[in-house]
Structures are given as structure tokens and as C-alpha cells.
Amino acid sequence: MMRWMLVTFTLLSTTAIGQWREGLGAEDPFSREVEYWKQRAYPLGRIPEGAHERAIAQAERLAQRKGAAAVLASQPQWKLIGPDNIGGRTRTVVHHPTQSGVVYVGAAGGGIWRTTNHGASWEPLYDDGVSLSMGALAIDPNNPTVLYAGTGEMTPASNMQDAWGTGMYKSTDGGRSWRRIGLSTVGAFSKVIVHPQNSQRIYAGGVRSAPGLYTSTDAGARWQRLNRMAISDITIDPRNENVLWIGVWGNGVWRSSDGGVTFTRTSSGMPPADQIGRVSVQCAPSNPSVLYALIEGPDPTGQSTTNNIGAIYKSTNGGDSWQRVYQGDATFFNEQGAYDNFVMVHPTNPDIAFAGGIDLWRTTNGGTSWVNVTDGYGSGSVHVDQHAGVFNPLDPNEIYLANDGGMYRTTTGGGFGQWQAINNGYAVTQFYAMDIDRSAENKTFGGTQDNGTLGSVQQQTAWQYIWGGDGFYTVVNLVNPSIIYGETYYGNLWWRNLSTGQAGSFTAGIDANDQGAWSSPLVLDRTTGALYHGRSKLYRNYLNGTRWELGSPDAFDPSAKISAIGPSPVDELLIYVGLENGRVFRTDNGGSEWTDVSLNGLPLRFVRDIVCSARDPNTAWICYSGYGTGHVYKTTDRGRSWQDISTTLPDRRNRCGRIHYVQWWSIVDALGTRIAALASTRSANFSGAKRRARRHARSLDVGMFYSVRDDHRARNYLTAWG
């Protein structure tokens, strides 16, 4: 019998800009970072330094071992099924100095991309990069085939080593190839600048690990660390390579007149250093004596004691003194001034400047007045959370804007209503989880970072919006696939009927005092149609029910939330539950009684996934996050003992995405890690399963679609990359 298999690569995104607001609460980037860290650092309280690169090296060795080449060559190619119409969090953007509409951007988790047609289409340039997290790009204004990329996203939380970059990279062929040129200990970069008077002179701002201002006088061959401050921004006098200003996180603005050898704090007129958070500063290229600074500072009304209110300052004397020209209220940053914060000045008119927080604000009269030109939570059509922007130097009325919704463009100066999304083909959406409509091929849904819950409702690569905010677990109704279940932060559950448009909350019966984790498990038992939801307690909702009931008598552990749920597809009374602290429980009677099976050979790490066999009720698998232990364990006796089957896997956070059992052939274990997709046909000895996909992207979830064609079974592997 001929065995036929198609493999499909899934990267998700949204459409319907403006609609994404529905269901949206206040975003919390810091909580997202803490959750990200917690899964990897427990119980050590830290992530081992260099763990990311070591894991990648392990994966590369795995791909090179004996027999691996033949296995990989036999794999079908991954195919992008979308979304290719939304984009995602973008941190840096630069424009070619002599070719209009040639723009390079760096995504928070998607590498480097380029457009040569003003954003009509995009192409990836860095899919094989070791770190796809971008902090800052720079282009040599004198030789634009030379680019620099500082990896590692500047984020509000510290000690997130797992998302740090791997140094500074350089391309000499317009971005087609890249090589590392140093600064590998710098965790993230805020800005990289090549001086227009001297292409050998580069300035780079480092944050997180090994922070400071770095400079090179030989085009990146060697680097000198000039200070150890957390550099949140850099701006230069384009006429004098020795004059520059830096924004120092938690301090203010500093100036140097000797190429960074010495600095003087030039923040007169600003709040005291201990009342300042993140600082962005840029001078007017046409008049470097004029500078604008956006700071995260104190509340002048005294209503808030935290220093997270946005204010814009201007200097007309090179930073000797500053005047506040705009005082924002709490909505300017929405407590996210460490996350959304940038300023840019028109290349030829010092009276035109933009400042980005939640929205983008513009002045056209030197700061006398400022206007919100995006209004993302109101009547505007531009996504919130602004991160970077750039003017077309050949036509400054054309401006490019980078935010959590990808890329936007204006050709008329950037007033309100003058921005258009340009995300066609810009596939960098970050996914938390996904599910598949088993009744229709290529109909997939998933929850994303700040782009809502999305779906390929029309079975095309252009996806549609389903719900707003950060989206997490997503489930397609077993009987009526038009009904989608999902959640936002902390287990805020919802449902939507795609056929009727009806939607609503889905939390009736859940203890209001039982708050879920940042991403709370929502799992479907495909045999019975029952939904399971985990917080401190387990909840169950039978097929098409409107009210949840308790699936456990009480909380399993007051100190930890449920992080994984595994119902058995062959025994509806058998369920496993895993916790954030590594504990695992099993019930054989539907939830009335539970047995702790944690001490039978399992590690003390964050439980990421639990999957039960579709054939044998005694067999199950568990995936663990963290470092220093095995990551996939198997039991054949209902948890009385466990075997580590992941000895060949990289030491990296993994998700059993989801160890799917193919009954008609043999066991196929599809495993998603942050650096690769891996597969096994014998529940052991995983090998690389990726072929021509984004090589080191974060694979967060895997699903399968089954169909029958001429009595031959076919399956699609669908992987969500974030």
C-alpha cells in the first residue's frame, strides 16, 4: 500500500486591522516576560548562560549525525499556510540611503526582512540565523550593501537570557548572508549607527547582559566598550563623528564630544535621575542643536507613584537644557513605557518630530502642539504599541512605522488617517498555541502575541481575525467546527460562532477567585467532546455546555497553577494534570480522586504538555521545559514509572506538540522545541524533521490533520512558530 504524506508549515497572523480590539484588555509585556522566564528558569531561578547557543549546536550535531541526512532528505518540504497578511512585533527599521522604497526591518522573533517595493511584498533574509530576535539594524549610508544587525530584543524585564541575542552580525551583500563580528555577550541592542562621515565608525547600545555603549573604528572588526550604562537610545551629530548623545535607562540624557570617551549628563530641566525610566532621544539631522527626548517619568498630578508617565522634552542648545513640550497622561504609555518608546525627527525640518508610545504622536511646529496620529484604541486603524520608525531620506513624506502589528506606511507626512498596513508576505506573527479544524484541510486557528486569535477561515494564506488582545489556547468545537473557543490573559475564556457571528464570555461556573496562569491550558477530549481548563483547580465542560463544573475537588498545589492537561482518548475517566512546579497527578475515575505520580522518575521542571496514547490507556508522554534534565518522558504503566526518551534532544524548552499517535502505521512523535521541529517513529531517538522552514524559529505547537484519499491515509503536520 502506498503511503502518502504532505507536510505543511504554519506561521500565523491576522487581518481586519481595527477589529483586533474586541476583547482586548490592558496588555502586560512585563507579565509576558516573567511567564517566559518562569517556564525556563524553574527551579534554578535563572537560565544558564549560553544555553541557547549550546542547544542550537546540539540540534546541528543531531542533523549531521550518521543517517540523519537521508532522513531529512526524505522529508516533504514545509509550506507556509499563513498568515501572510498581518506581520507581528517589529523592533527596528532602516531605509536605503539612495533607493526609494528599499527597507530593512528586524522582528522581535522573526529575523530580518526586506522590501524593495515600498512594502508591497517582503522577503526574509535571516531564516538561518542563530538568533531570530532582533534589537537594532543599521545600514552604511556610504556603502548600503553593508548592514549591521544587533540581535536580542530590548525588553522591559531583566534576566531573560533565553531570549537574548547572540551578538552583532554584518552583511556585505545587501543582507543575503551574515556573519557574526563580535559582542556575543551583549544580551540585546537598542540602537546601532554607522556614522555618515566615516563608515569605519560604528556606535552600538547594549542592554540586558553586558550593557553599555560600544564603538568600532574599523567597521566592526574590533569593539571597545566605552561605558557600562544601560543604553536605551543613541543619536549622533551627522556632521561630527565625535559628538553623540545617549539615552540612559533610569537616568536621562548624556552627551559626549570626544567619540564617547567621556560623557556629561545633560538632563537639566528633566526630572531627577531616580524618577526616570526608559529614555529615547534623537537630534534633528538638519540642525543637531535641536533634540527631542521621550522619557518614562513621574506623574505630575501625583495620582500615581510609579514613574511610567510619558513626557516629551526639547532642547535647542545641544542638550545643555531641556524644556518639557508635552506632558502625557497615563494612557500615553499605559504603564508600558519600557516597552513602547521611541522618537524620530524629520531629516530636513527640525520642527517635525514623532514620538511613539501606545500611539504615535506628531508635532509640526517644533513641539508647541502634539497630535495623536494613530489612536489605536479609538477611531484609528493603526495597531497599538509603537517601537520604531524611519523617514525615506529621498522623500520624507514617506514614513515607515514598526509596531506590534507589523509595518505601516504613509506617503503624506503621517497625519491621522494617512497610514496603511504593509504586511503582505511579512510572516512574523508570534503564536502561543493552535488548533485545527479536522473537517477541512488548511483551516487552522491560533492565539498570538497582541494580534489576537486568528484563523484561516477561508483556507487561504490570508488569515482572519477571531478575537482581540493576546490570544493563547484555541480549540475548535468537535461537532460544530464553526464554534471556536479561546482565551486571553489569565484564563479569560470566550467563544465565537463564525457562522452566526455570535460570541461571548465562557467562564460561568469557574471560581472567580481562581485566577489562571498567563496562558491557562484549554484542552479538548476528542473522544467525548469535553473541554478541560486548568487554573489552580481543574474544570470540565461537556460538549456544547454553557457552564463549567469542577474536575478536581480542590487545588492540586496552592503554590502552582496547572500548566498541562492530558485526557485519555481511550478511557474517558483517565486524566493527567501537570503543574508549573513539575508535579504530575492522575485520576482513574474522572476526577473524584487523584494520585501524585511525580516521584516515579520525573524531573522537577515546568510541565509543558501531557499526551495520552490513542491506543493504550497505560501509555502517556510528558514534555518539560527548563534546562539540565530530560525533556520527554514516557510511561507504559499509568505513571507508576517513567522513562526519559529524549536523550538525543537539545537541552532546551520543549513542547510535545503534541506527540501524535498514528494508529494505522506506528507511533509518530512530533515534538516542537524553540529551535527545531523534531520527530521520532519509535518514541525515542528524535531527529530533525524540518526541511526548508525557518531554521531556528520557536516551534510552539504542532497539530495534525487526517484525511482519507482512495483508502490511503494522509496527514498534514501543522506547526505554529512564534
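Rules used in this analysis
Residues numbered from 1 in each chain as written. Predicted model: local features only at pLDDT ≥ 70, side-chain atom pairs only at ≥ 80, totals over all residues. Heavy atoms only, no water. Helix = DSSP H or I, 4+ residues; strand = E, 2+ residues; numbered from the N terminus. Buried < 20%, exposed > 50% of the residue type's maximum accessible area, 1.4 Å probe, protein only. Contact = heavy atoms within 4.5 Å. Areas by Shrake-Rupley, 256 points an atom, 1.4 Å probe, with all protein chains shown as cover. Pairing = 2+ DSSP bridges. Axes fitted to C-alpha atoms, helices over the stretch in contact; angles between N-to-C directions. Polar contact = N/O pair within 3.5 Å; in protein donor to acceptor, adjacent residues only side chain to side chain. 1 Å grid on protein atoms, 1.4 Å probe; cavity = no way out; pocket = protein on both sides within 12 Å on 5 of 7 lines; lining within 4 Å. Points joined across faces, edges and corners; volume = space filled by probe spheres on them. Nonpolar A, V, L, I, M, F, W, Y, C, P; charged D, E, K, R; others polar. Core = buried A, V, L, I, M, F, W, Y, C linked by side-chain atoms within 4.5 Å. Patch = residues over 30% accessible without salt bridge, like charges linked within 9 Å, V, L, I, M, F, W, Y side chains within 5 Å. Salt bridge = Lys/Arg side-chain N within 4 Å of Asp/Glu carboxyl O.

Novice: Can you help me understand the overall build of the protein in this one?
Specialist: Regarding its fold elements, the protein presents four helices and 55 strands. Considering the protein as a whole, with its 722 residues, one finds that 64% of them fall into the buried category. Considering only intrachain contacts with a sequence separation of at least 6, the fraction spanning at least 24 residues in the protein is 54%. On the protein, roughly 25,100 Å² of surface is accessible, and the fraction owed to carbon and sulfur atoms is 47%.

Novice: Teacher, can you tell me more about the sheet that holds strand β44 (residues 584-587) here?
Specialist: Strand pairing in a sheet relies on backbone hydrogen bonds. The paired strands run either parallel or antiparallel. Overall, antiparallel pairing links the four strands, which are arranged β42-β43-β44-β45 in an open sheet. A strand with exactly one partner marks an edge of an open sheet, and here the two such strands are β42 (562-567) and β45 (595-596). In this sheet, strand β43 (residues 575-579) lies alongside β42 in antiparallel orientation, the contact comprising five bridges. Across the sheet, residue Ala 564 finds its bridge partner in β43, namely Gly 578.

Novice: I'm lost on the sheet that holds strand β36 (residues 492-497) in this one. Help?
Specialist: Taken in spatial order, the four strands line up as β34-β35-β36-β37 in an open sheet, and their pairing is antiparallel. Across the chains shown, the open sheet's two edge strands, defined by having one partner strand only, are β34 (474-476) and β37 (503-505). Neighbour-to-neighbour, the strand axes of the sheet open up by a mean angle of 15°, direction not taken into account. Note: β34 against strand β35 (residues 483-488), three bridges, orientation antiparallel. Counterpart to Val 475 in the pairing with β35 is Tyr 485.

Novice: How should the side chain of Arg 540 be read in this particular structure?
Specialist: Topologically, Arg 540 is positioned in strand β40 (residues 538-541). On the basis of relative accessible area, Arg 540 is assigned to the buried category, the value being 9%. Looking at Arg 540, its side chain comes within polar contact range of the main-chain oxygen of Gly 590, at 2.7 Å. If we skip the residues at most four places from it in the chain, Arg 540 touches Ala 530, Leu 531, Tyr 532, Arg 547, Trp 548, Glu 549, Leu 550, Gly 551, Ile 575 and Gly 590.

Novice: Help me understand the layout of surface pockets in this model?
Specialist: Once rolled over the atoms, a probe with the size of a water molecule shows which space is left empty. In this structure, the largest pocket spans a volume of roughly 1,300 Å³. Contributing to the lining of the largest pocket are 44 residues, with Val 94, Ile 193, Gln 282, Gly 389 and Val 390 lying nearest its centre. Sort the elements by how many residues they give to the lining of the largest pocket and strand β10 (residues 188-194) lands first, with six residues. Here the residues of the lining of the largest pocket sort into 28 nonpolar, twelve polar and four charged.

Novice: For this particular structure, what's the right way to read the nonpolar core?
Specialist: Side chains that are nonpolar tend, in soluble globular proteins, to be buried together. Membership of the largest hydrophobic core comes to 17 residues, with the highest contact counts inside it found for Tyr 148, Met 168, Val 192 and Trp 223. Taken together, the elements giving at least two residues each to this core come down to β6 (134-139), β10 and β11 (202-207). Considering every element that reaches this core, the biggest residue donor is β10, with three residues. Setting aside anything within four residues of it in sequence, one finds Val 192 in contact with Ala 136, Leu 137, Ala 138, Tyr 148, Gly 150, Met 168, Ile 202, Tyr 203 and Ala 204. Counting residues in each nonpolar core, the second largest holds 15 residues, with Trp 122, Val 390, Tyr 426 and Ala 427 among its members.

Novice: I would appreciate a short explanation of a nonpolar patch on the surface in the present structure.
Specialist: A surface patch of nonpolar side chains, about 240 Å² in accessible area, is lined by Leu 478, Val 479 and Leu 543. Summarising the element assignment, Leu 478 is placed in the loop between β34 and β35.

Novice: Before we go on, may I ask you to explain unusual backbone geometry in this structure?
Specialist: Residue Gly 82 is joined to Pro 83 through a cis peptide bond whose omega torsion reads 0°. One can find Pro 83 in the loop between α3 (68-73) and β2 (90-95). Despite not being glycine, His 118 has its phi angle at roughly 65°, a positive value. With respect to the helices and strands, His 118 occurs in the loop between β4 (111-115) and β5 (123-124).

Novice: I'm lost on the pairing of β35 in this one. Help?
Specialist: Two faces make up the sheet, and in a regular strand the side chains alternate between them. Within β35, six of the six residues are buried, which leaves it mostly tucked inside the rest of the structure. Side-chain alternation along β35 places Ile 483, Tyr 485 and Glu 487 on one buried face and Ile 484, Gly 486 and Thr 488 on a second face that is also buried. Counted between consecutive antiparallel strands, the loop separating β34 from β35 contains six residues. Where β35 and β36 come together, six bridges link them in antiparallel fashion. Following the sheet pairing, Glu 487 is matched in β36 by Leu 493.

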